[in-house]
Amino acid sequence: MSDSTKTRREFLQQSLLAGAGITLSAMGMPASSYARIMGANDRVNVGLVGFSDRARQALLPSFFNNNKELNFDLVAVSDIWNRRREEGKAFLENKTGHSVQACVNNDELYKIKGLDAVFIASADFQHAYHTIEAVQNKCDVYSEKPFAETMEDARNALKAVKASGRIMQVGTQRRSGPSYHAAANFIQQGKFGPITMVEMTWNVNQPGRWRRPDLVKSIRESDTDWKRFLAGRPQDSWDPRKYLEFRLFWPYSSGIFGQWMTHQIDTVHWFSGLKHPRTAVANGGIYMWKDGRKNADTLTAVFEYGPENDPGSGFQVMYSSRFHNSAGGTKEIYYSNGGTIDMSTNKISSTGGLTEKEAQEMGMHANLLTGQTLSDAEAAATSANTGGDPLTNAHVRNWMTCVRERKQPNAPIEAAYSHSIALIMGNAAYRTGMKATFDEATQEVMVGGKVFTL
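Residues numbered from 1 in each chain as written. Predicted model: local features only at pLDDT ≥ 70, side-chain atom pairs only at ≥ 80, totals over all residues. Heavy atoms only, no water.

Section: the environment of P277
- Residue position: P277 is located in the loop between helix 13 (256–272) and strand 8 (279–285).
- Each C-alpha atom of the pair P277 and I265 lies 9.7 Å from the other, and the pair is twelve residues apart in sequence.
- Sequence-distant contacts of P277, defined by excluding residues within four places in its chain, comprise H269, F303, E304, Y305, A422, M425 and F438. (Helix = DSSP H or I, 4+ residues; strand = E, 2+ residues; numbered from the N terminus. Contact = heavy atoms within 4.5 Å.)

Some thoughts on the layout of surface pockets
- Here the second largest pocket defines a volume of roughly 370 Å³.
- G273, L274, K275, H276 and S418 are the residues nearest the centre of the second largest pocket, which is lined by 20 residues in total.
- Contributions of two or more residues to the lining of the second largest pocket are made by helix 13 and helix 16 (413–432).
- The element that contributes the greatest number of residues to the lining of the second largest pocket is helix 16, accounting for five residues.
- Looking at the lining of the second largest pocket, its residues break down into nine nonpolar, six polar and five charged. (1 Å grid on protein atoms, 1.4 Å probe; cavity = no way out; pocket = protein on both sides within 12 Å on 5 of 7 lines; lining within 4 Å. Points joined across faces, edges and corners; volume = space filled by probe spheres on them. Nonpolar A, V, L, I, M, F, W, Y, C, P; charged D, E, K, R; others polar.)

Quick word on the sheet that holds strand 3 (residues 101–103)
- Taken in spatial order, the six strands of this open sheet run 3-2-1-4-5-6, and their pairing is parallel. Two strands in the sheet have a free side with no partner beyond their single neighbour: strand 3 and strand 6 (168–170). Neighbour-to-neighbour, the strand axes of the sheet open up by a mean angle of 20°, direction not taken into account.
- Here three bridges tie strand 5 (residues 140–143) to strand 6, and the two strands are oriented parallel to one another. Residue pairing for strand 6: V141 is matched across the bridge by M168. (Pairing = 2+ DSSP bridges. Axes fitted to C-alpha atoms, helices over the stretch in contact; angles between N-to-C directions.)

Observations concerning the packing of aromatic side chains
- Under the counting rule described, the total for this entry stands at 25 aromatic pairs.
- Taken together through their ring pairs, the aromatic side chains of W81, F125, W226, F229, W238, Y243 and Y252 make up a single cluster.
- A cation over an aromatic ring shows up here: R293 above the ring of F323, its NZ or CZ 5.6 Å from the ring centre. (Phe/Tyr/Trp six-rings, centres within 6.5 Å; stacked < 30°, edge-to-face > 60°. Lys NZ or Arg CZ within 6 Å of the ring centre and 35° of its normal.)

Digging into the side chain of S418
- Turning to its location among the elements, S418 is positioned in helix 16.
- You can call S418 buried: its relative accessible area is 10%.
- Setting aside residues no more than four positions away along its own chain, S418 makes contact with H269 and K275. (Buried < 20%, exposed > 50% of the residue type's maximum accessible area, 1.4 Å probe, protein only.)

Here we look at the environment of N393
- Inspection of the secondary structure assignment puts N393 in helix 15 (residues 390–405).
- A C-alpha to C-alpha distance of 7.4 Å links N393 and F63, two positions 330 residues apart in sequence.

A short note on the pattern of salt bridges
- Taken as a whole and assessed by the stated rule, the structure comprises 24 salt bridges.
- For E332, the salt bridge is made with R174, and the minimal N-O distance between the two is 2.9 Å. Note that E332 is positioned in strand 11 (residues 330–336) and R174 in the loop between strand 6 and helix 9 (178–188), a separation of 158 residues in sequence.
- In this structure R174 comes out as buried when scored by relative accessible area, which is 2%.
- Note that R211 is salt-bridged to D291, the shortest N-O span being 3.1 Å. Of this pair, R211 sits in the loop between strand 7 (197–203) and helix 10 (213–218) while D291 sits in the loop between strand 8 and strand 9 (298–305), and the two are 80 residues apart along the sequence. (Salt bridge = Lys/Arg side-chain N within 4 Å of Asp/Glu carboxyl O.)

Overview of the packing of helix 4 (residues 53–70) against helix 5 (residues 82–96)
- The N-to-C vectors of helix 4 and helix 5 enclose an angle of 20°; their axes lie 12 Å apart at closest approach. One element, helix 4, and the other, helix 5, form an angle in the roughly parallel class. Pair helix 4 / helix 5 crosses with right-handed handedness. Each of D53, R56, L60 and F64 in helix 4 lies in contact with helix 5, whose residues at this interface are R84, F91, L92, K95 and T96. (Parallel < 35°, antiparallel > 145°, perpendicular 65-115°, else oblique. Left-handed = near helix turned anticlockwise from the far one by under 90°.)

Here you go:
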């Protein structure tokens, strides 16, 4: 290779990095090593576990927005349902332009030579189980949330990921949003003052949310592998609704807690630096959609957060959600003595905070806030089909970049573990009617002096 050709290639490579927001120094590598990372011989081969709606509508579009630039390829799909397996193969072959292997299960998937990473877009309760499979087969992982619905699953997956050294990102995509990074920095730099309260809502009026009636009518047990689907859950007889509408049925999903609350409660852990709630209480029920579901269509939970070594300080998080009236929409509002951070509008303001005069009269210090915008980024998408929205795209790209760099992504296994604790505490409080706590020594969620289990 001539010097001029070599120089031109290095220039093009560095331009690609700059466009991706990556620098060689940030990667901790000399320019001479960059060609090796982006070379054809170092293509990252990815498999998909579960050709679900979330995979098809959001994860795969985000992947294909970035895969050519970052030299990733999707080579296989694993799905135990023959219909989804065939649909996934056809979809991916159309997108990639080459043959894609369709695997009847993950045992077959992990026999593929040169498989480097996987997307996990399976049922809620399977995410931790499938993550363990992946890292034990030396694959990096992007797993949809919720990460785990039981503490046993959460602990086992945390241990497996940490022992493996693999790169793992959980799909709480707010962690890759500019506005959320701006809010985290503002709070962590002490500019906001101590958090005193957080209000979160997620309200919709969607009778069909999480329902799949046409598919339920068409699927037969012989079309899939029901025993493998259970993935460690108690033995149960075949039920197409539990298979396809799992979000409506415990213990296959905690419903609202796992599907929606995990996104928002994750920001509490990130912004505050706290790993989990101290306590949780919850109430709710099936008040509108009496269609055989077992998970609530209306829920309110209240969590207390604070440092373990200072029980006299802390703050409250109030979370509420309903399926049958969308008034109030989705919001995430952080309060301090000086004002508010409203993540739905990307605004910091003095609303509700003390004025300078009031603080002086009380002889106290207050973080006096002025109106400012966190960023020009759009608020988080909350529809049933978000598509390849900017946050999901940024989150998938962050994982892909970190797979290349061998660095921790924005939402690593520790973030997944923390949101799992919070959702399990909320679920435990709702299902028992008692206050839930967390035992640091045993890493168990406790209610009424007993470990909360299935």
